[in-house]
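Commentary on secondary and tertiary structure
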Amino acid sequence: MTQSDRPQGQGPAIGSSGPVVAASLDPAGSGPTSSSPHRPAGDTEEVYFEGTPLLRGEIGRGFGWIFLGLVLIAAPILLRIFTDKWAAKWVNLGALVVGLIFLLIPFLRAKTIRYRVTNYRIDFEKGLLGRNIETIELWHVEDLRFHQSLADRILGIGTIIVMSRHPTLPLLTMRSIPNAQQLFKTLEQRVISVKRASGVIKVDQGI
């Protein structure tokens, strides 16, 4: 995206991928005449969703880790109850530390991922201490899929799968998203709109 295409006050796009083609306006000022996905002058970027996977969804997915963590933490106590003996101190301490780590895995998985979905792109951030950011322009999106299990419906979350022509992120699974079905429908319509505006999808003129 060129500097002139961005609204005033916004910095350069983070992690933007794909070729950048200068867009020229037609004499009537109706919009870009090139096949690039640049937004028309004066258009603003609207954020549809920004946040991390909901913890309640990650807890359900990480139930196995939570169970193992609880077993490890309880193991020294159970050993004491059934054998009237304590294990070595380093064994008890090791079981406690590893058990706590297992309990934290669902929380860490949720907090190391962040999504930002707008009317022009999807930003995918990953990392705890360091951060890596990948950006999928909507005109690169080839297909969208939505999945919601019974447990997801109860929890009010869902999964959106994005398939694109991004060179390093052809498949992005956005899990544990709140109001995922509505976001999916909005994103689906927006992808079509962006592709039409960029000339990727030809509009039938009825000729």
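The rules behind these values
- Residues numbered from 1 in each chain as written.
- Predicted model: local features only at pLDDT ≥ 70, side-chain atom pairs only at ≥ 80, totals over all residues.
- Heavy atoms only, no water.
- Helix = DSSP H or I, 4+ residues; strand = E, 2+ residues; numbered from the N terminus.
- Contact = heavy atoms within 4.5 Å.
- Areas by Shrake-Rupley, 256 points an atom, 1.4 Å probe, with all protein chains shown as cover.
- Pairing = 2+ DSSP bridges.
- Axes fitted to C-alpha atoms, helices over the stretch in contact; angles between N-to-C directions.
- Salt bridge = Lys/Arg side-chain N within 4 Å of Asp/Glu carboxyl O.
- Buried < 20%, exposed > 50% of the residue type's maximum accessible area, 1.4 Å probe, protein only.
- Core = buried A, V, L, I, M, F, W, Y, C linked by side-chain atoms within 4.5 Å.
- Expected span 1.5 Å × (residues − 1).
- Bend = angle between axes of the 7 residues up to and from the residue.

Okay, the overall build of the protein chain next. In terms of regular secondary structure, the protein chain is built from five helices and seven strands. Helices (α) and strands (β) of the protein chain occur, in sequence order from the N terminus, as β-α-α-α-β-β-β-β-α-β-β-α. Considering only residue pairs separated by 6 or more positions, the protein chain has 56% of its internal contacts joining residues 24 or more positions apart. Carbon and sulfur atoms make up 61% of the accessible area of the protein chain, which amounts to about 12500 Å² in all.

Moving on, we get to the sheet that holds strand β4 (residues 132-137). Strand order in the open sheet made by the four strands is β1-β2-β3-β4, with antiparallel pairing throughout. Two strands bound the open sheet, and with one partner strand each, they are β1 (47-51) and β4. The average undirected angle you get between the axes of adjacent strands in this sheet is 10 degrees. Pairing geometry for strand β3 (residues 121-126) and β4, over six bridges, is antiparallel.

The next subject is the pairing of strand β2 (residues 113-118). As paired elements, β1 and β2 share four bridges and run antiparallel to each other. Paired with valine 47 across the two strands is threonine 118, which belongs to β2. Where β2 and β3 come together, five bridges link them in antiparallel fashion. Following the sheet pairing, valine 117 is matched in β3 by isoleucine 122. Count of turn residues in the β2/β3 antiparallel hairpin: two residues.

A word on the pattern of salt bridges. What the rule picks out here adds up to seven salt bridges. In this structure, the salt-bridge partner of glutamate 50 is arginine 116, at a minimum N-O distance of 3.8 Å. Of this pair, glutamate 50 sits in strand β1 while arginine 116 sits in strand β2, and the two are 66 residues apart along the sequence. Take glutamate 50: its relative accessible area is 43%, and that puts it in the partly exposed class. Note that arginine 121 is salt-bridged to glutamate 137, the shortest N-O span being 3.7 Å. Remark: glutamate 137 occurs in strand β4 and arginine 121 occurs in strand β3; sequence separation between them is 16 residues.

Once that is clear, we can look at the environment of leucine 54. Relative to the elements of secondary structure, leucine 54 occurs in the loop between β1 and α1 (55-61). In this structure, the C-alpha to C-alpha distance between leucine 54 and arginine 175, residues 121 residues apart in sequence, is 8.5 Å. Among residues more than four places away in sequence, those in contact with leucine 54 are Ile157, Ser176 and Pro178.

It is worth spelling out the nonpolar core at this point. Tyr115, Ile122, Val162, Leu172 and Met174 are the most contacted members of the largest nonpolar core, which has 23 residues in total. Contributing elements (two or more residues each) for this core: β2, β3, β5 (141-147), β6 (157-164), β7 (171-178) and α5 (180-198). Examining the composition of this core, we find that six residues originate from one element, α5, more than from any other. The contacts of valine 162, once residues within four sequence positions are left out, are Ile122, Ile136, Val141, Asp143, Leu144, Pro170, Leu171, Leu172 and Met174.

This part covers helix α3 (residues 89-111). Compared with the 33 Å implied by 1.5 Å per residue over 23 residues, the 32 Å span of α3 between its first and last C-alpha is a close match. Along α3, the sharpest change in direction is near 40 degrees and occurs at isoleucine 105; proline proline 106 comes one to four residues later. Within the span of α3, buried status applies to Asn92, Ala95, Gly99, Phe102, Ile105, Pro106 and Ala110. Buried-residue contacts for α3 involve α1, α2 (63-83) and β2.

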